[in-house]
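# Results of the structural survey
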Amino acid sequence: NGKVEYILQVVEEVTDKVHRDREHYLLYNESEISFVLVGRDKKVIDFNREFELLYKSLTGKTPEKHGPAVDLVQPDRQDKVEGIFERTLLGETIQYELSFPMENGNSRYFKVKYKPALDSNGNIYGVINSQKEITNERVALKKLQENEARFRALVEKGNDILLVLSADGKPTYI
């Protein structure tokens, strides 16, 4: 009887590990936000698939683990990012928007966040750096602002009577 309980306990522990591994797989490979885990030594510990794809699309290179995290940053931003790592390792969370110029003359835009990574005791283990592309949102906002400016200029500077109708033909602006 004791052997059966022991086997069940082992099976349960393996099942829990399989579930945890599956959850980690989903987190690393199915997230739409790219992220990098950096140790206190400022070396890359790990990154998810989304980061790898993003990095390749921006640089044409494959990111590497275990090297200095600043090597993954544009050369002209490395000093700034080094300072951000220092502040984050002291407990500060830092967020900003980043414009990444492309060779074709356009830019891609990102929300970037550096957050302390805590171990199970609440001590700072390293830094989690996440990036979410917001290029489409920025382009849509710019078009909306341009349309609003044109409409405002038409209303404020025009000499004609302006009438705006709803889809059902009712006036919404006169």
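Everything below is about the structure printed above this text.
The structure contained in this document is the topic of the report that follows. (Residues numbered from 1 in each chain as written. Predicted model: local features only at pLDDT ≥ 70, side-chain atom pairs only at ≥ 80, totals over all residues. Heavy atoms only, no water.)

## A few points about the pattern of salt bridges
- According to the stated counting rule, one finds 8 salt bridges in the structure shown.
- We note a salt bridge from Lys42 to Glu82, for which the minimum N-O separation is 2.7 Å. Of the two residues, Lys42 is situated in the loop between strand S1 (34-39) and strand S2 (44-47) and Glu82 in helix H3 (residues 78-89); the sequence distance between them amounts to 40 residues.
- Glu82 sits in the partly exposed class, given a relative accessible area of 28%.
- Linking Glu97 and Arg138 is a salt bridge whose minimum nitrogen-to-oxygen distance equals 3.0 Å. Within this pair, whereas Glu97 is found in strand S3 (residues 94-101), its partner Arg138 is found in helix H4 (residues 135-157), the two being separated by 41 residues in sequence.
- Overall, the relative accessible area of 45% leaves Glu97 in the partly exposed class.
- In this structure Arg138 comes out as partly exposed when scored by relative accessible area, which is 33%.
- Because the salt bridges share partners, they merge into one network encompassing Lys42, Glu82 and Glu86. (Salt bridge = Lys/Arg side-chain N within 4 Å of Asp/Glu carboxyl O. Helix = DSSP H or I, 4+ residues; strand = E, 2+ residues; numbered from the N terminus. Buried < 20%, exposed > 50% of the residue type's maximum accessible area, 1.4 Å probe, protein only.)

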